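What the coordinates show
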Amino acid sequence: MVIGLGEKMRIEANRNLCQSYGNCVVIAPDHLDLDEEGLVTVTSSDVSSADLETVQAAVRSCPVHALRLVDDSDDGNGSHG
Ligand code: SF4
């Protein structure tokens, strides 16, 4: 999959898969953290183009593929919440 810079990307975490390795948190601490259960939590889901490489590395670092980047650029009017 090729991700174009400038597209709006968002992190999704599957806490059911997370094994608390913490690799992703070390790589992308601005976006990911471990909660009190030791499971990954997304602290900032929107990924700017400046952060894209870092977040991609974090996603790849997860041994159990609990993280993924989804294209959030085609949600129409860009409403939030
Ligand atoms: S690298 Fe994967 S398993 Fe480890 S904390 Fe992050 S999401 Fe969880």
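Preceding block: the structure.
In this text, all values refer to a predicted model and were calculated from it rather than measured experimentally. (Residues numbered from 1 in each chain as written. Predicted model: local features only at pLDDT ≥ 70, side-chain atom pairs only at ≥ 80, totals over all residues.)

1. Describing the overall build of the protein
Counting its secondary structure elements, the protein contains 2 helices and 5 strands. Helices and strands appear in the protein in the N-to-C order β-α-β-β-β-α-β. Relative to its 81 residues, the protein shows a buried fraction of 20%. Long-range contacts, defined here as pairs at least 24 residues apart, represent 63% of the contacts in the protein between residues at least 6 apart. (Helix = DSSP H or I, 4+ residues; strand = E, 2+ residues; numbered from the N terminus. Buried ≥ 20, exposed ≤ 12 C-beta atoms within 10 Å, placed from the backbone. Contact = placed C-beta atoms within 7 Å.)

2. Describing the site of the ligand
Close to the ligand lie 15 residues; Cys-18, Tyr-21, Cys-24, Val-40 and Cys-62 are nearest. The leading source of residues in the shell around the ligand is helix H1 (residues 23–27), at 3 residues. A per-class count over the shell around the ligand returns 10 nonpolar, 5 polar and no charged. (Near = placed C-beta within 6 Å. Nonpolar A, V, L, I, M, F, W, Y, C, P; charged D, E, K, R; others polar.)

3. Details of unusual backbone geometry
Here Ser-20, not a glycine, exhibits a phi torsion of approximately 65°, which is positive. Tracing the backbone shows Ser-20 in the loop between strand S1 (9–13) and H1. Notably, His-65 is not glycine yet its phi reads approximately 55°, a positive angle. Looking at the secondary structure, you find His-65 in the loop between helix H2 (52–61) and strand S5 (67–71). What makes His-65 exposed here is the crowd of 10 C-beta atoms within 10 Å.

4. Let's talk about the environment of Gln-56
As for its position among the elements, Gln-56 is in helix H2. For Gln-56, a count of 17 C-beta atoms within 10 Å puts it in the partly exposed group. Considered as a pair, Gln-56 and Cys-24 are 32 residues apart in the sequence and their alpha carbons are 9.7 Å apart.

It is worth stressing that arrangement in space is one thing and function is another; only the former is reported here.
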